[in-house]
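Chain by chain, the residues:
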Amino acid sequence: MQPAAVQWCLCLCHAAESTIYQLLAASNAYSGLVCVDVVQGLVCKSRTNLQHHKQPFAHNVEFCPDLKSAIAALKPTALVGVSTIAKAFDKEVVEAMCELNDRRIIF
């Protein structure tokens, strides 16, 4: 079997975790990565309150206030949680990913 091609990867981050953003920016790994801030929603160019370390991750996508709406709008093939927020990937989130992808990646 071939691995699933990752089109969009949603990364759930906490607003205070600038280290995660710095590491990803240093590796230039953000072109297909879209970050969802637990508190402030999708990191996108239309947000006017982005901190400097989040700006490289801002894409021209419509703002989504939370993870579930971001999944519905962006239809990611991968979901990576780095927020340390317990139960952020609840049943609804996992079911949404399962509906979108036969071979989803949830980490």
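Everything numeric here is computed off the predicted structure, so don't read it as measured data. (Residues numbered from 1 in each chain as written. Predicted model: local features only at pLDDT ≥ 70, side-chain atom pairs only at ≥ 80, totals over all residues. Heavy atoms only, no water.)

(A) Summary view of helix 2 (residues 67-74). Within helix 2 the residues assigned to the buried category are Leu-67, Ala-70, Ile-71 and Leu-74. Down the axis of helix 2, the sector holding all buried residues measures 100°, keeping them to one side. Between a side-chain oxygen at the N-terminus of helix 2 and the backbone nitrogen of Lys-68 the separation is 3.4 Å; the capping residue is Asp-66. (Buried < 20%, exposed > 50% of the residue type's maximum accessible area, 1.4 Å probe, protein only. Helix = DSSP H or I, 4+ residues; strand = E, 2+ residues; numbered from the N terminus. Arc of directions from axis to C-beta. Polar contact = N/O pair within 3.5 Å; in protein donor to acceptor, adjacent residues only side chain to side chain.)

(B) View of the packing of helix 2 against helix 3 (residues 91-100). The contact between helix 2 and helix 3 brings their axes to 10 Å, and the two run at 5°. Relative to helix 3, helix 2 is oriented roughly parallel. Here Leu-67, Lys-68 and Ile-71 of helix 2 lie close against helix 3, whose contacting residues are Glu-92, Val-93, Ala-96, Met-97 and Leu-100. Among the residues forming the contact of helix 2 with helix 3, the class breakdown is 6 nonpolar, no polar and 2 charged. (Axes fitted to C-alpha atoms, helices over the stretch in contact; angles between N-to-C directions. Parallel < 35°, antiparallel > 145°, perpendicular 65-115°, else oblique. Contact = heavy atoms within 4.5 Å. Nonpolar A, V, L, I, M, F, W, Y, C, P; charged D, E, K, R; others polar.)

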